[in-house]
Amino acid sequence: YEQGVSHWLRWRGGAVEALDRAVEIDPQFTLGHCTRAYVAWRMGRVDVALDAHQQAMALADGVQDRRERIHLQIVDAMQAHDHAATLHHLEGLADQYPNDRMGMRVLSFTLIARGDYQAGLEQARRSLAACPNDPQFLTMAAFFLEQSNADRDAGLDLGLQSLDAD
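Residues numbered from 1 in each chain as written. Predicted model: local features only at pLDDT ≥ 70, side-chain atom pairs only at ≥ 80, totals over all residues. Heavy atoms only, no water.

Could you clarify how one ought to interpret the packing of helix α2 (residues 15–25) against helix α3 (residues 30–42) in this entry?
Axis angle and axis distance: for two packed helices, these are the angle between their axes and the distance between the axes, and together they describe the pair. At a minimum axis separation of 9 Å, α2 and α3 run at an interaxial angle of 160°. Relative to α3, the element α2 is oriented roughly antiparallel. Considering how the two elements wind past one another, α2 and α3 form a crossing that is left-handed. Between α2, through Ala15, Val16, Leu19, Asp20 and Val23, and α3, the contact on the second element is made entirely by Gly32, His33, Thr35, Arg36 and Val39. Grouping the constituent residues of the contact of α2 with α3 by class yields 5 nonpolar, 3 polar and 2 charged. (Axes fitted to C-alpha atoms, helices over the stretch in contact; angles between N-to-C directions. Helix = DSSP H or I, 4+ residues; strand = E, 2+ residues; numbered from the N terminus. Parallel < 35°, antiparallel > 145°, perpendicular 65-115°, else oblique. Left-handed = near helix turned anticlockwise from the far one by under 90°. Contact = heavy atoms within 4.5 Å. Nonpolar A, V, L, I, M, F, W, Y, C, P; charged D, E, K, R; others polar.)

Set out below in structure tokens:
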């Protein structure tokens, strides 16, 4: 699982295969199925995303962990093409778990697609406060600083810190 997440967050190949292996080893791993859905969706692998959604939802009744339940809500809303619910659940996840790397990556993509760089920058700052040297959150903040024209020099500095941290 961690290998699949690492590959995806660093834009490297093999993420789907690593996540496939993770859920093969532990078919009850709900977050593994949700993450597989996110990655497959982003990579245009609709067949894999739909399968991952189906596998995740089959486990939904037994999930007790709040964070995993939110991920299930996100994946289900995405599959239903319910953009408002997807954003609502992503924002709820961000409020409660600003250090959730997968959730923050999906939220980041959503905010980029909406052109809401200010909200992206605010979330990046909250995530950085939770995990100050995390390369993903440094990169996220750098991107939104540069794209929002808030402070391109600070964005460049954070981008360089991210490279050093990674």
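From this point, the discussion proceeds with the structure in view.
Please clarify how the environment of alanine 150 should be interpreted in this entry.
Tracing the backbone through its elements, the reader meets alanine 150 in the loop between α9 (135–147) and α10 (152–165). When the C-alpha positions of alanine 150 and leucine 9 are compared, they lie 24 Å apart, and in sequence the two are 141 residues distant.

Looking at this structure, I do not really get the packing of helix α4 (residues 46–59) against helix α5 (residues 66–79). What am I missing?
Taken N-terminus to C-terminus, the directions of α4 and α5 make an angle of 135°; their axes are 10 Å apart at the nearest point. With respect to α5, the axis of α4 lies oblique. The hand of the α4/α5 crossing is left-handed. Two secondary-structure elements touch here, α4 through Leu50, His53, Ala56 and Met57 and α5 through Leu72, Val75, Asp76 and Gln79. Within the contact of α4 with α5, the residues separate by chemical class into 5 nonpolar, 2 polar and 1 charged.

Quick question: what am I supposed to make of the nonpolar core here?
Within soluble globular proteins, side chains that are nonpolar tend to cluster in buried spots. One finds Trp8, Tyr38, Val39, Ile74, Met102, Met104 and Leu107 to be the most contacted residues of the largest nonpolar core, which totals 43 residues. With 7 residues, the single largest contributor to this core is α9. Not counting chain neighbours up to four residues away, the residues in contact with methionine 102 comprise Tyr1, Val5, Trp8, Leu9, Thr35, Tyr38 and Val39. (Core = buried A, V, L, I, M, F, W, Y, C linked by side-chain atoms within 4.5 Å. Buried < 20%, exposed > 50% of the residue type's maximum accessible area, 1.4 Å probe, protein only.)

Help me understand unusual backbone geometry, please; the structure alone is not making it clear to me.
Glycine aside, residues mostly have negative phi angles, and peptide bonds mostly take the trans form. With a phi angle near 60°, tryptophan 11 is a residue other than glycine that sits in the positive phi range. Of the residues examined, tryptophan 11 reaches a relative accessible area of 59% and is grouped as exposed. The residue histidine 81 is not glycine, and still its phi comes out positive at about 60°. Its location among the elements puts histidine 81 in the loop between α5 and α6 (83–96).

What is the right way to look at the packing of aromatic side chains in this model?
Any pair of aromatic rings gets described here by the distance separating the centres and the angle formed by the planes. Applying the stated criterion across every chain yields a total of 6 aromatic pairs. Ring centres 5.8 Å apart and planes at 80° place the aromatic pair tryptophan 8 and phenylalanine 109 in the edge-to-face group. Of the two residues, tryptophan 8 sits in helix α1 (residues 2–9) while phenylalanine 109 sits in helix α7 (residues 101–114), which places them 101 residues apart along the sequence. Phenylalanine 109 carries the same exposure label as tryptophan 8, and that label is buried. An aromatic cluster of three or more residues is present, and its members are Trp8, Trp11 and Phe109. A cation over a ring is seen here: arginine 42 above phenylalanine 109, with NZ or CZ 3.9 Å from the ring centre. (Phe/Tyr/Trp six-rings, centres within 6.5 Å; stacked < 30°, edge-to-face > 60°. Lys NZ or Arg CZ within 6 Å of the ring centre and 35° of its normal.)

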